Each structure stands twice: as C-alpha cells, then as structure tokens.
Amino acid sequence: MRRRHLLGSLLLAPVLTACFASEGSEGSEGGAPGADGSRLRVALAFPPAENLSPYGADATLLSRLGVTEGLTALDANGAAAPALAESWRRESDRTWLFALREATFQDGSEVTPAAVAAALTRATEAKPAPAALSGVTLTVEPQSAAVRITTTNPDPVLPLRLSSPSLAVLSPKAYQDGADPVGTATGPFELTKVNGSTSAALDRFDDYWGGRAQASGIDARFIADGTARANAVRTGQVDIAEAIPVAQAATLDQATLKETATTRTTSLQLNTRSGPFKDPKLRAAAREAVDSSAVVKGVFEGYADPGAGIYGPAVTWAEGKRVQPTGRARAAAPNGTAVTIATYDNRPELPEVAQVLQQQLQKAGFKVTLEVREYSRLESDTLDGKFDAFIGARNSLVDTGDPVGVLASDYTCAGGYNLARLCDKRVDRAVAEAVADTGERQDAAMRAEAAILGTDAVVPLAHQGIIVGVSTDVRGVLLDPYERTLVGTGTRR
C-alpha cells in the first residue's frame, strides 16, 4: 500500500505561524506591487448546495476560493492561528477576548468590533446551526479594537471553533437579505458573479490585509463529474482541479498530480431512526458484512487506509489511544431485508464503494438498492431520513479543527449534520464529557468514538488521501490536509 506523509500531532494551543505550505518553492505570500497577474482557472467538485450560504456545506467552497475568513485559521499542526483576530486571551472559564487587526471588507467598509459581533451573532441565529456551533451557545460583545466572546459553558477550544469556514465574518451589507458573500467578505479574492451551480467569477481584492494576491482573479467552474475534472486538467482547460479520481490518476502526467494526506474518512452511515436499520441487530449484521480492505484495494488503489474509526491515521495521536467499542448488539440474519443506500458522484470513488458494499451486503442476505445523485440533490433527503443508509466522505476536522467537533455535529441528538440520525443518551454523555474535559480531551474523544461505534450507526470504510490536479506552470497551490483552502495570495501562473 502506498505510504503517505502523516500529519504532526494536533496541537490545541494557539501558535502564531503560517497556515500551510504552498505547493512549489517559488510562491510568496504577497503579490508584487503593480503586477496584474493572470487569472486562475479552478475546477471544484461540489456545486453550491445552499446558494453559497456561509453557514452550511457551501462554506468550504468560499474558503477554498479565498473569499471568506473568520477570526482564526488552522495552521499545519491543527492549532489555531491568527486571521482577522491578531491575538486572543482567555479571561475566564467562559470568556475570551479577541483583538482585531486592521482590515477592510470587500465593499470598502472597515472591519469593526461592532461588525464582527453582528456577523458572529447572525451565525448563532442561523437555522440549522452551523456545525461548528453544535451544542455551543455564545454571545459576542464589541469592545475597543476587540470582541469579547462568552460561552454558556466552558469551551477550551473556542479559538479552534472560530476557525470554521461556517463562522466567516461578512460586512453588515451581507445581512440585508440572508447572508450574501458576494462582495462582502474579507479574503484576498472577491466573489463578483455566481452563475447558479455552474460557475463563479472572482476578482482580486486589492485592499486585502494579508497582501495583494498575485493572481488577478479566479474563474471557478463547478464540475461534479470527476472524469471531466481530470480531462480539464489534461487538456489545459483549467489550471487547478480538486479531487481527481484515483481511477484517473494514472492517465495524467505525474508532474500534475499533487497528493495530500487528509483527515477525511469514507463511512457507511446507517439510519438509526427509521427503516430496517432502526434495529441494532441489523446494523450489526451490516457491519459484519463489510470488508473495508476490499474497498481500499479495489476502489482507492492504495490512496487510502482501511477504516479504523472516525479518526484515521492522519490524526496521529488517535491510534495509540483508540478504545474498543462495547455493548454492540448481536447480529441478526437479514433474511432478504430490503435496504436503499444513497451516495453521491461528486467524488467518483463513492459510487464504486457503493457497488462493492452492495455485493458484500447481498452476500450477507440483504436486498440492496443504490441511489446515486449529485450531492446538492441528496443532502436534504438524507438528513430527512429518506434512505436506509448513506455512503459519504467526511473530513473529521473540517468544521472546527477540534476532534470532538465532528462527534457533536454528526452523532448527537442535537447534531446539525447527523446523517445516521443517531440519538443515544450514552453517546451524548460521552461527547459532552469530551467537550468539557480539557486535560484529557484526546482520551475523552476516543472514548466518545468508541461509544458511537458501539451503536453501529457508522461503519468506517477508508481513510483517504486526496489528489489535486495542478498545471505545471502553476505555483503556490495550498495543499491543505483539512481541505479548507486551495488558493491564496501566492497562488499564480
């Protein structure tokens, strides 16, 4: 199996370092004064699913294109780093003070404490709540050149939480009708036009606090078909294409392939609230039928590791702390039980994974129907419980950078992205203990992981790497293990 570079330990203390190394040695963070630069042509795998709302899945589209920012960012070690906040300090168990840097919104207004407080307050009022705020209640008050944030309960990882793309800060103008990021964000590139779910245009924001971008703008295309994205790189139609399918990797020039270890896990989520998998014995039967090594070998061709848990080997501390699940139900014979498994084709490997699982489950005695759609046409039905199971790829650290964040949002009764529709008091208690515990947070997170796996609501299948197609004349692509960034001020051709 291909061995990949693993991430360093995920640190929780703030450090003042650059966020990620750019691809290529020639990249610099600022554009040369007066340089116009070429526009970048970028292909993204996921079309907007929520009209580019910053509060849901579309938030990472905005951050990957360099449009939005929050108070903090994640550095390469998974620690909180400065963004719109230059520094911060904890005043008490429940109160933090974030000192703001001098910055300007893309509509020309200043980033003031009042504007930041209003933006974050809007996020707390969003329905459904952003995943980063799952189980968290906070209030934001403007101060002199700072904002004070108070949480109802102690939150030792609040700086990490605020790095979430869904907690981006927009100008007051953005909230006149919903939360509109067009021309109202703070990043190096300004969104100027959105053509539905097909494309978007961005121009360089010359007053960006972090320095003038070297590219003059971005022409983004949303291409759900992975083969089409690979072809676009091969034929020179785009400069950068994310999520190249492993099946297409061999067809591209090796010099255009950039592989990154990620904290993304492909899993089978079982609907615990309705349908056949409401029965824990049938969930156990499904888990026992799955052979994840066959998925890794047959589908991912070595660009992944077999599913070990919610956290994979890129979270380097997890393996040594992993706890064996207990209390699992004894498997019952499926006896022809009919189930529908849904997945999406934005990541071309997933329909192939679904076919492998279909064969494995049918061999165990299930009758399996597959439902494959584009993600934007699938998410709401999945959250509403219209399928018996769902195969998805989830980055366990994308929402908050905190290992507990994904557990709270995906597997608790109040979780906003609970695809398995799990509501288990033992799980909720274990996640709550992990959130509250500061000294042994990693150990508590692994106990919570074990409690979740013990319900058989989720069956981890593979821990993925990701392949980005990059034209050989492009420099400065941000290879981000958390998949939050892709282009920045130093990205150019």
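Please read these numbers as outputs of a predicted model, since none were measured by experiment.

1. Things to note about the pairing of strand β8 (residues 189-195)
Link 1 in the chain: Pairing between β8 and strand β9 (residues 199-204): six bridges, direction antiparallel. Note on β9: the bridge partner recorded for Leu191 is Leu202.

2. Concerning the state of the cysteines
Link 1 in the chain: Under the counting rule described, the total for this entry stands at one disulfide.
Link 2 in the chain: Through a disulfide, Cys413 is tied to Cys423; the S-S separation comes to 2.0 Å. One quick way to see it: the torsion about the S-S bond of Cys413 and Cys423 is about 100°, and its sign makes the bridge right-handed. With Cys413 in the loop between α11 (405-411) and α12 (425-436) and Cys423 in the loop between α11 and α12, this residue pair connects regions lying 10 residues apart in the sequence.

3. Describing the packing of aromatic side chains
To describe a pair of aromatic rings, you give the distance between the ring centres and the angle between the ring planes.
Link 1 in the chain: Per the counting criterion, the structure on display carries nine aromatic pairs.
Link 2 in the chain: Considering the side-chain rings of Tyr311 and Trp317, the 5.9 Å spacing of their centres and the 50° angle between planes classify their relative orientation as tilted.
Link 3 in the chain: For Trp317, a relative accessible area of 8% corresponds to the buried category.
Link 4 in the chain: Members of the aromatic cluster, each reached through a chain of ring pairs, are Phe46, Tyr344, Tyr375 and Phe390.
Link 5 in the chain: Between Arg101 and the ring centre of Trp209, over which it is positioned, the NZ or CZ distance is 3.8 Å.

4. Brief notes about the nonpolar core
A general tendency of soluble globular proteins is for nonpolar side chains to be buried together.
Link 1 in the chain: Counting residues in hydrophobic clusters, the biggest one holds 130 residues, and the most contacted among them are Leu71, Phe98, Ile149 and Leu268.
Link 2 in the chain: Leaving out residues up to four positions away in the same chain, Phe98 has contacts with Leu71, Thr72, Ala85, Ser87, Trp88, Ala145, Ala146, Val147, Ile149, Leu158, Pro159 and Leu162.
Link 3 in the chain: Membership of the second largest hydrophobic core comes to 14 residues, among which are Ile223, Ala230, Ala241 and Tyr303.

5. Remarks on helix α9 (residues 349-364)
Link 1 in the chain: Helix length check: α9, at 16 residues, gives a terminal C-alpha distance of 23 Å against a target of 22 Å (1.5 Å per residue), a fit within 8%.
Link 2 in the chain: Residues of α9 that are buried: Glu349, Leu350, Pro351, Val353, Ala354, Val356, Leu357, Gln358, Gln360 and Leu361.

6. What about the side chain of Ser471?
Link 1 in the chain: Relative to the assigned elements, Ser471 resides in the segment after β17 (458-470).
Link 2 in the chain: Among the polar contacts listed, one links the side chain of Ser471 to the side chain of Asp473, at a separation of 2.6 Å.

7. Focus: the environment of Val368
Link 1 in the chain: Counting through the fold element by element, Val368 comes out in strand β15 (residues 367-373).
Link 2 in the chain: Taking the C-alpha atoms as reference points, Val368 and Asp388, separated by 20 residues in sequence, lie 10.0 Å from one another.
Link 3 in the chain: Residues contacting Val368, with those up to four places away along its chain left out, are Val339, Ile341, Gln358, Leu361 and Gln362.

8. Here's the deal with the pattern of salt bridges
Link 1 in the chain: One pass over the structure, following the stated rule, counts 23 salt bridges.
Link 2 in the chain: In this structure, Arg441 engages Asp402 in a salt bridge whose closest nitrogen and oxygen atoms are separated by 2.7 Å. In this pair, Arg441 sits in helix α13 (residues 441-454) while Asp402 sits in the loop between β16 (389-395) and α11, placing the two residues 39 residues apart along the sequence. The residues Arg441 and Asp402 share a single accessibility class, namely buried.

9. Some thoughts on the side chain of Ser166
Link 1 in the chain: Among the secondary structure elements, Ser166 is positioned in the loop between α3 (158-161) and β8.
Link 2 in the chain: Within polar-contact distance, the side chain of Ser166 engages the side chain of Ser164 at 2.8 Å.
Link 3 in the chain: Not counting residues within four places of it along the chain, the set of residues in contact with Ser166 comprises Pro54, Tyr55, Ala59, Pro130 and Ala132.

10. Re helix α4 (residues 226-234)
Link 1 in the chain: Buried within α4 we find Gly226, Arg229, Ala230, Ala232 and Val233. The arc that holds the buried residues of α4, viewed along the axis, is 155°, so those residues lie on one side.
Link 2 in the chain: Following α4 by one or two positions, Gly236 adopts a phi angle in the positive range, close to 80°.

11. Things to note about the packing of helix α7 (residues 292-300) against α9
Link 1 in the chain: Between α7 and α9, whose axes approach to 10 Å, the crossing angle comes to 135°. As the angle between them shows, α7 and α9 are arranged oblique. Like other packed secondary-structure pairs, α7 and α9 cross with a definite hand, here right-handed. Contacts from Ala294, Val295, Val299 and Phe300 in α7 reach Glu349, Glu352, Val353, Val356, Leu357 and Gln360 in α9.
Link 2 in the chain: Taken together, the residues that form the contact of α7 with α9 break down as seven nonpolar, one polar and two charged.

12. A short note on the pairing of strand β12 (residues 257-270)
Link 1 in the chain: Counting buried positions along β12 yields 12 of 14 residues, so the element is predominantly enclosed.
Link 2 in the chain: Across 11 bridges, β12 lies against β17 in antiparallel orientation. Bridge pairing links Thr260 to Ile466 in β17.
Link 3 in the chain: Note: β12 against β16, seven bridges, orientation antiparallel. Each bridged residue has a counterpart across the sheet, and for Arg264 the counterpart in β16 is Asn395.

13. A word on the sheet that holds strand β5 (residues 95-100)
Link 1 in the chain: With respect to topology, four strands assemble into an open sheet ordered β4-β5-β7-β6, the strand pairing being antiparallel. Because the sheet does not close on itself, it has two edges, and the strands there are β4 (85-90) and β6 (138-143). Taken pair by pair, the neighbouring strands of this sheet meet at an average axis angle of 20°, ignoring direction.
Link 2 in the chain: Relative to β6, helix α2 (residues 113-125) is tilted by about 170°, and along the sheet it contacts β5, β6 and β7 (146-151).

Analysis parameters
Residues numbered from 1 in each chain as written. Predicted model: local features only at pLDDT ≥ 70, side-chain atom pairs only at ≥ 80, totals over all residues. Heavy atoms only, no water. Pairing = 2+ DSSP bridges. Helix = DSSP H or I, 4+ residues; strand = E, 2+ residues; numbered from the N terminus. Disulfide = S-S within 2.5 Å. Phe/Tyr/Trp six-rings, centres within 6.5 Å; stacked < 30°, edge-to-face > 60°. Buried < 20%, exposed > 50% of the residue type's maximum accessible area, 1.4 Å probe, protein only. Lys NZ or Arg CZ within 6 Å of the ring centre and 35° of its normal. Core = buried A, V, L, I, M, F, W, Y, C linked by side-chain atoms within 4.5 Å. Contact = heavy atoms within 4.5 Å. Expected span 1.5 Å × (residues − 1). Polar contact = N/O pair within 3.5 Å; in protein donor to acceptor, adjacent residues only side chain to side chain. Salt bridge = Lys/Arg side-chain N within 4 Å of Asp/Glu carboxyl O. Arc of directions from axis to C-beta. Axes fitted to C-alpha atoms, helices over the stretch in contact; angles between N-to-C directions. Parallel < 35°, antiparallel > 145°, perpendicular 65-115°, else oblique. Left-handed = near helix turned anticlockwise from the far one by under 90°. Nonpolar A, V, L, I, M, F, W, Y, C, P; charged D, E, K, R; others polar.

All we've got here are geometric facts, nothing functional implied.
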